[in-house]
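Listed below, chain by chain, are the residues.
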Amino acid sequence: MDISSLDLNYLSPDQAAGLIQSFHESEIFSALNSCNETKAPGPDGFNYFFYKRAWSFIKNDIIDLVNGIYKLLSKCLSARLAPLISSVISDHQHVFIEDMNIMDYAMISNELIHFARKRKDKLLVLKLDFHKAPSDPFPLKKTSSLGDLISPYLFVLTAEGLKSILQKLKDLGLINGFVYFDDHDQISVLQFADDSILFLPFDLEHLWNLTRILRCFELIAALKINFHKSSLLGINVS
């Protein structure tokens, strides 16, 4: 698949440039103040309490070393990315995004399943489980662990790619989403943190197409799906 043809949202040139600018003193100090004072960022034993109290005369050294103090780097980057993330993801994502309620995910999922049962629609619901552990590296070129503040944002950006791929498949007629009202768009995926739920009408050929494209997604995103822990639920399917 030519991923350049996917319908993706992009940051403006000014927004993108803002992410790669050198960190300002105020950004680093704000990140420093948000750290647990009892924790030490490196093996030298100096904790954040020391850095906060000594800021006035060692701040230039900290600013020079911010790229080597990963905790601070992660906090500074996530603070920059947070206000921009909503401009590049769609409304199917229901966590980490301002003004989106965590409970919307469960409510919408349950309502769709209830609606399918009531109308006797044959529906397949696939819950994807991704290989993950708190200490595992997030598989990007610049390594980030899943416990880092920036990791949730990286994950939802990756999940946005999956949503765009699924939309491309629908445009090509290779899969369909769930139509709950004729005058509404089909729903094919809901994303909640690191959980993805996919909805598609009961069609084995479309299910095979979806399986193949998920394998392709693994290669593109370098994010492994644990098919053994993923689950498939059939609604009104014997």
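Residues numbered from 1 in each chain as written. Predicted model: local features only at pLDDT ≥ 70, side-chain atom pairs only at ≥ 80, totals over all residues. Heavy atoms only, no water.

## Side note on the overall build of the protein chain
Selection criterion: Every helix listed is a DSSP run of H or I at least four residues long, and every strand listed is a run of E at least two residues long, numbered separately from the N terminus. In what follows, residue pairs with any heavy atoms lying within 4.5 Å of each other are defined as contacts. All accessible-area figures derive from a Shrake-Rupley calculation using a 1.4 Å probe, and residue coverage is judged against the displayed protein chains alone.
A tally of helices and strands in the protein chain yields 8 helices and 6 strands. Shown N-terminal to C-terminal, the secondary structure of the protein chain runs as helices and strands in the order α-α-α-α-α-α-β-β-β-α-β-β-α-β. Summarising the internal contacts of the protein chain: among those between residues at least 6 apart in sequence, 68% fall at separations of at least 24. Surface exposure of the protein chain reaches about 13,900 Å², of which carbon and sulfur atoms provide 56%.

## What about the sheet that holds strand β5 (residues 195–201)?
Heads up, the condition is: In this description, strands pair whenever DSSP reports at least two bridges between them. Structural elements are reduced to axes, namely lines fitted to C-alpha atoms, with helices fitted over the stretch in contact, and the angle between N-to-C directions of any two is expressed from 0 to 180 degrees.
In spatial order, the strands read β4-β5-β1-β6; together these 4 strands make up an open sheet with antiparallel pairing. Looking at strand neighbours, the two that pair on one side only are β4 (189–192) and β6 (231–235), the edges of this open sheet. Across the sheet, the mean angle separating the axes of adjacent strands is 15 degrees when strand polarity is ignored. Of the pairings in the sheet, the one linking β4 to β5 comprises 4 bridges and is antiparallel in character. Within β5, the position partnered with V189 by the bridge is L198. Here helix α7 (residues 151–171) sits on the sheet and contacts β1 (123–128), β4 and β5; the angle it forms with β4, its principal contact strand, is near 175 degrees.

## A word on the packing of α7 against helix α8 (residues 204–221)
This is how the line gets drawn: By convention, the crossing between two helices is left-handed when the near helix turns anticlockwise from the far helix through less than a right angle, and right-handed when the turn is clockwise. Note on residue classes: Ala, Val, Leu, Ile, Met, Phe, Trp, Tyr, Cys and Pro are nonpolar, Asp, Glu, Lys and Arg are charged, and everything else, Gly too, is polar.
Two elements in contact, α7 and α8, have axes separated by 11 Å at closest approach and are oriented at 145 degrees. As for the relative orientation of α7 and α8, their crossing is right-handed in sense. Contacts between α7 and α8 pair T158, G161, L162, I165, L166 and L169 from the former with L210, I213, L214, F217, I220 and A221 from the latter. Its residues placed into classes, the contact of α7 with α8 shows 10 nonpolar, 2 polar and no charged.

## Here's the deal with unusual backbone geometry
Stated precisely, the cut-off is as follows: Exposed residues in this analysis have more than 50% of their type's maximum accessible area, buried residues have under 20%, and partly exposed residues fall in between, with area computed by a 1.4 Å probe over protein chains only.
In this structure, K120 is a non-glycine residue whose phi angle is positive, near 65 degrees. Here K120 lies in the loop between α6 (102–119) and β1. On the basis of relative accessibility, which here comes to 64%, the residue K120 falls in the exposed class. Of note in this structure, N236 is not a glycine but carries a positive phi near 60 degrees. Tracing the backbone shows N236 in the segment after β6.

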